[in-house]
Amino acid sequence: VHVVESGGGLVQPGGSLRLSCAASGFTFSDYAMRWYRQAPGKERELVAGISSAGGTTNYVNSVKGRFTISRDNAKNTVYLQMNSLKPEDTAVYYCHAWSLLKGTYWGQGTQVTVSS
């Protein structure tokens, strides 16, 4: 099983980044997908989630209207489009696959730094 995030980096406040998470080794379309983040000295928090078929999404209040989660089940990939980035969005972002019946998988994380 592989869950690999990419797309992180350094961006100025107000900028945008698109994170990708490519999955393999399990039936991607059976899993809800989530993005978490963890800033230094803070607990990991759920940022956004999307249902297995992509019909339902949810977001933490602090990113609503700025971030968009989406998925392409044909490519076994989930995305997080992040716009209007703020310094407080700086964190390591993790991709998470979740199935009530089949278990969970985590990626290794990708660093997002928002700074001028």
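Since this is a predicted model, take the numbers as computed values, not measurements.

Focus: the overall build of the protein chain
Line of reasoning, step 1. When you go through the protein chain residue by residue, the secondary structure sums to 0 helices and 11 strands.
Line of reasoning, step 2. Counting helices and strands in the order they occur from the N terminus, the protein chain gives β-β-β-β-β-β-β-β-β-β-β.
Line of reasoning, step 3. Here the C-alpha radius of gyration of the protein chain, 13 Å, is about what a compact globule of 116 residues would show, namely 13 Å.
Line of reasoning, step 4. Within the span of the protein chain, comprising 116 residues, buried residues form 41% of the whole.
Line of reasoning, step 5. Within the protein chain, contacts between residues at least 6 apart in sequence are counted, and of these 52% link residues at least 24 apart.
Line of reasoning, step 6. Of the roughly 5900 Å² of accessible surface on the protein chain, 49% is carried by carbon and sulfur atoms.
Line of reasoning, step 7. The protein chain carries 11 positive and 7 negative side-chain charges, and their two centres are separated by 3 Å.

A few points about the nonpolar core
Line of reasoning, step 1. Residues Met33, Trp35, Phe67, Val78, Leu80, Met82 and Tyr93 are the most contacted members of the largest nonpolar core, which totals 28 residues.
Line of reasoning, step 2. Only β3 (17-24), β4 (32-38), β5 (45-50), β7 (67-72), β8 (77-82), β9 (91-99) and β11 (110-114) provide two or more residues apiece to this core.
Line of reasoning, step 3. With sequence-adjacent residues up to four places away left out, Tyr93 is seen in contact with Glu5, Leu19, Trp35, Tyr36, Arg37, Val47, Phe67, Leu80, Met82, Gly109, Thr110 and Val112.

Here's the deal with the state of the cysteines
Line of reasoning, step 1. According to the stated counting rule, one finds 1 disulfide in the structure shown.
Line of reasoning, step 2. A sulfur-sulfur separation of 2.1 Å characterises the disulfide bridge that pairs Cys21 with Cys95. Measuring handedness by torsion sign, the sulfur bridge of Cys21 and Cys95 sits at about -85 degrees and is left-handed. Taken as a pair, Cys21 in strand β3 and Cys95 in strand β9 lie far apart in primary sequence, 74 residues in all. The same class applies to Cys21 and to Cys95, which are both buried.

Some points on a nonpolar patch on the surface
Line of reasoning, step 1. Together, Trp98, Leu100 and Leu101 make up an exposed nonpolar region whose accessible area comes to about 390 Å².
Line of reasoning, step 2. Locating Trp98 in the fold gives a position in strand β9.

Some thoughts on the pattern of salt bridges
Line of reasoning, step 1. Applying the stated rule across the entire model yields 4 salt bridges.
Line of reasoning, step 2. In this structure, the salt-bridge partner of Arg66 is Asp89, at a minimum N-O distance of 2.8 Å. Of the two residues, Arg66 sits in the loop between β6 (57-59) and β7 while Asp89 sits in the loop between β8 and β9, which places them 23 residues apart along the sequence. This pair shows no difference in class: Arg66 is buried, exactly as Asp89 is.
Line of reasoning, step 3. Several salt bridges converge on common partners, so that one network encompasses Arg37, Glu45, Arg66 and Asp89.

Here we look at the sheet that holds β7
Line of reasoning, step 1. Spatially, 4 strands are ordered β1-β3-β8-β7 in an open sheet, and the strand pairing comes out antiparallel. The open sheet has two free edges, formed respectively by β1 (2-6) and β7, since each of these has just one partner strand. Sheet twist, expressed as the mean angle between neighbouring strand axes with direction ignored, is 15 degrees.

Each value, and the rule that gives it
Residues numbered from 1 in each chain as written. Predicted model: local features only at pLDDT ≥ 70, side-chain atom pairs only at ≥ 80, totals over all residues. Heavy atoms only, no water. Helix = DSSP H or I, 4+ residues; strand = E, 2+ residues; numbered from the N terminus. Rg over C-alpha atoms; globule rule 2.2 N^0.38 Å. Buried < 20%, exposed > 50% of the residue type's maximum accessible area, 1.4 Å probe, protein only. Contact = heavy atoms within 4.5 Å. Areas by Shrake-Rupley, 256 points an atom, 1.4 Å probe, with all protein chains shown as cover. Lys, Arg positive; Asp, Glu negative; His and termini not counted. Charge placed at Lys NZ, Arg CZ, Asp CG, Glu CD. Core = buried A, V, L, I, M, F, W, Y, C linked by side-chain atoms within 4.5 Å. Disulfide = S-S within 2.5 Å. Patch = residues over 30% accessible without salt bridge, like charges linked within 9 Å, V, L, I, M, F, W, Y side chains within 5 Å. Salt bridge = Lys/Arg side-chain N within 4 Å of Asp/Glu carboxyl O. Pairing = 2+ DSSP bridges. Axes fitted to C-alpha atoms, helices over the stretch in contact; angles between N-to-C directions.

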